[in-house]
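The residues making up each chain are set out below.
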Amino acid sequence: MAKIEYEKNIDNFDIRNFFKRWQFFYFFIANVFGPMMFCGLSAVAFLKRYPSEGKVLNLGSGPRILSKGVVNVDFYPYTGVEIVADINSVPLPDASVARIISDNVLEHTSLPSKAVLEMRRLLCKDGLAYISTPFLYPFHTSPSDYQRWTDEGLRELFKDFEMVEIGVRAGPFSALTVYLNHLFSIIFSFGSHKIASILLNLIMFVTFPIKFLDLVFNHCPRSVEIAAVLYCVVRKK
């Protein structure tokens, strides 16, 4: 993609996409003041829990660098992206990857089942994939937003894999926080998308303490029913 087209597309997204160019700053603000309390298994923790000597792909990585040796794949040529490609069609051979990470990406593809088939194609026998997806989370473009999954929905989506583990990545109070942020921005933006985007990214500095209750409630047995984000680890049979 030409640089001019890339810049144009980035500018069409919300304000957060502009700041993604400065990875450390963006992820510091997002992790500390953002509405999500990510207590469940993370992509980095997945790599530590399930180590491998083979190739590791981070599909739809954006500018985030998880660890040395993890190959970033993204449609946009952010800094740190090694393979610029659609995650539904990655230019690598069959069974050439040991681990795959898809961290809050599948909701942004209109054909998630195709992306899952591509993961299966890329993974070697007994290869593992880590997937996190939103459940109770508002519409968010990056650049588009199509899907949400329940616990049962993830099991169905990955029915051709062995389910190794599944759980809550961000719990009920994260969901409450993010919906409060969006509700406030909608009410006081008076129909303006620009004002709504600004308010959404300001109100989080007030509401973010609520999310810390998930340090406790993430572990409640039924939190999966009202969680903001779920995760699963699957193995290619």
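Residues numbered from 1 in each chain as written. Predicted model: local features only at pLDDT ≥ 70, side-chain atom pairs only at ≥ 80, totals over all residues. Heavy atoms only, no water.

### As for the environment of K236
Following the sequence through the fold, K236 ends up in strand β7 (residues 229-236). Under the relative-accessibility criterion, K236 is labelled buried at 15%. As for K236 and M119, which are separated by 117 residues in sequence, their C-alpha atoms are 9.0 Å apart. Reaching out from K236, the side chain makes a polar contact with the backbone oxygen of R120 at a distance of 2.9 Å. (Helix = DSSP H or I, 4+ residues; strand = E, 2+ residues; numbered from the N terminus. Buried < 20%, exposed > 50% of the residue type's maximum accessible area, 1.4 Å probe, protein only. Polar contact = N/O pair within 3.5 Å; in protein donor to acceptor, adjacent residues only side chain to side chain.)

### Side note on the sheet that holds strand β2 (residues 70-74)
Pairing is mixed in the open sheet, where seven strands are placed in the order β3-β2-β1-β4-β5-β7-β6. Where the open sheet ends on each side, the last strands, each with one partner, are β3 (83-84) and β6 (161-170). Against the sheet, helix α5 (residues 112-122) engages β1 (56-59), β4 (97-103), β5 (123-134), β6 and β7, with an angle of about 150° to β5. (Pairing = 2+ DSSP bridges. Contact = heavy atoms within 4.5 Å. Axes fitted to C-alpha atoms, helices over the stretch in contact; angles between N-to-C directions.)

### Regarding α5
For α5, every residue scored as buried is listed here: P112, A115, V116, E118, M119 and L122. Angularly, the buried residues of α5 cover 160° about the axis, an arc narrow enough to put them on a single face. Buried residues in α5 make contact with β1, β4, β5, α6 (151-157) and β6. (Arc of directions from axis to C-beta.)

### Points about the nonpolar core
A general feature of soluble globular proteins is that nonpolar side chains tend to end up buried together. L57, L59, I100, L106, I131 and F158 are the most contacted members of the largest nonpolar core, which totals 31 residues. Elements supplying a minimum of two residues to this core: β1, β2, β4, α5, β5, α6, β6 and β7. Here this core takes four residues from α5, the largest share from any one element. Those residues in contact with I100 that sit more than four places away from it in its chain are F46, L57, L59, M119, L122, L123, L128, A129 and Y130. With 13 residues, the next largest nonpolar core counts A43, Y50, L128 and Y231 among its residues. (Core = buried A, V, L, I, M, F, W, Y, C linked by side-chain atoms within 4.5 Å.)

### Notes on the packing of aromatic side chains
What describes a pair of aromatic rings is the distance from one ring centre to the other and the angle between the planes of the rings. The final tally for this structure, using the stated rule, is eleven aromatic pairs. Pairing F173 with F217 gives two aromatic rings, centres 5.0 Å apart and planes at 50°, and the pair type is tilted. Of this pair, F173 sits in helix α7 (residues 172-189) while F217 is found in helix α9 (residues 214-217), placing the two residues 44 residues apart along the sequence. Given the relative accessible area of 34%, F217 is considered partly exposed. (Phe/Tyr/Trp six-rings, centres within 6.5 Å; stacked < 30°, edge-to-face > 60°.)

### Re unusual backbone geometry
Positive phi, close to 70°, is recorded for D126, a residue that is not glycine. With respect to the helices, strands and loops of the structure, D126 is situated in strand β5.

### A short note on the confidence of the model for the protein chain
Residues with a pLDDT of 70 or more make up 89% of the protein chain, whose mean pLDDT is 90. Residue range residues 1-13 is modelled with pLDDT below 50. Its contacts to residues more than four positions away, or to other chains, number 15 contacts. (pLDDT = per-residue confidence, 0-100.)

### What to know about the pairing of β7
Where burial is concerned, most of β7 is hidden: seven out of the eight residues are buried. Both β5 and β7 contribute to a ladder of seven bridges, which runs antiparallel. By the bridge assignment for β7, L128 is matched with R235.

### What to know about the environment of S174
Within the fold, S174 resides in helix α7. Put simply, S174 and L213 are 39 residues apart on the chain and 8.4 Å apart in space, counted from C-alpha to C-alpha.

### Topic: the packing of α7 against helix α8 (residues 193-207)
As a packed pair, α7 and α8 sit with axes 8 Å apart at the nearest point and diverge in direction by 135°. In terms of orientation, α7 lies oblique with respect to α8. In the packing of α7 onto α8, the handedness of the crossing is right-handed. Residues T177, N181, H182, F184, S185, F188 and S189 of α7 form the contact with α8, whose participating residues are I195, A196, L199, L200, I203, M204 and T207. Among the residues making up the contact of α7 with α8, the classes are represented as eight nonpolar, six polar and no charged. (Parallel < 35°, antiparallel > 145°, perpendicular 65-115°, else oblique. Left-handed = near helix turned anticlockwise from the far one by under 90°. Nonpolar A, V, L, I, M, F, W, Y, C, P; charged D, E, K, R; others polar.)

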